[in-house]
Amino acid sequence: MLLLNQATRIAGDAVRQVSKPLANVLKQRAKKSPVFRRYVCMPPAQFYHWLEVNIKMRMLGLGKPDEVAPLNEAAASELGAEMLGEFTIFLIGAGTLLLEYARQSRKEKRKEEAAEARLREIEARLDELAHHAENQKEEINIISKEMIKLPSLGILSKKDKPKS
């Protein structure tokens, strides 16, 4: 069990180590591609900026701002690329977590199925033993009845007669 926990921890570290460079590559490509920058990076960054300004203004007790000035293109693309990188790392981590959960669920289900199979096996054996005991009881009754008849046939003396 300890070995499994260590292996899971090592696998998680490996996923994190792989996801960071992947996120960095995505960020670099996002910064270089005008289409990607304009349609993928900038809209979430502008929304995040708008949301952040509104929340900070309200927390400071300054009320709701009338209008939030949008970020310039360079700042929005940088923020959007960072958000994309973080989102990539999050998705990879969440995917890893879901896969581990599914693996553990399958493992637990196999355990339960094995326990149920063992229980069915024990119940079948118990039924078999109960049937065997019933048969033996019937045979004992038949033998007892036959032994009662033996003294009348002269095979056993009266003192050897079985008690019923």
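Okay, so let's go over this structure. (Residues numbered from 1 in each chain as written. Predicted model: local features only at pLDDT ≥ 70, side-chain atom pairs only at ≥ 80, totals over all residues. Heavy atoms only, no water.)

Glancing now at the overall build of the protein chain. Within the protein chain one finds 3 helices and 0 strands. Going from the N terminus to the C terminus, the protein chain shows its helices and strands as α-α-α. Taken over 164 residues, the protein chain has a buried fraction of 13%. Of the roughly 13300 Å² of accessible surface on the protein chain, a fraction of 62% belongs to carbon and sulfur atoms. (Helix = DSSP H or I, 4+ residues; strand = E, 2+ residues; numbered from the N terminus. Buried < 20%, exposed > 50% of the residue type's maximum accessible area, 1.4 Å probe, protein only. Areas by Shrake-Rupley, 256 points an atom, 1.4 Å probe, with all protein chains shown as cover.)

A word on the packing of aromatic side chains. On inspection of all chains with the given rule, the structure shows 1 aromatic pair. For the pair F47 and W50, a centre-to-centre distance of 6.0 Å together with 25° between the ring planes defines the contact as stacked. Placement of both F47 and W50 in helix α2 (residues 34–59) is noted, with a separation of 3 residues, approximately one turn of the helix. (Phe/Tyr/Trp six-rings, centres within 6.5 Å; stacked < 30°, edge-to-face > 60°.)

Attention now moves to α2. If you check α2, its first and last C-alpha atoms are 35 Å apart, about what 26 residues at 1.5 Å a residue would give, namely 38 Å. Listed as buried for α2 are R37, C41, M42, A45, Q46, H49 and N54. Looking one or two residues beyond α2, the residue adopting positive phi is G61, at roughly 80°. (Expected span 1.5 Å × (residues − 1).)

So far we have only geometry, and geometry alone does not tell us how the molecule works.
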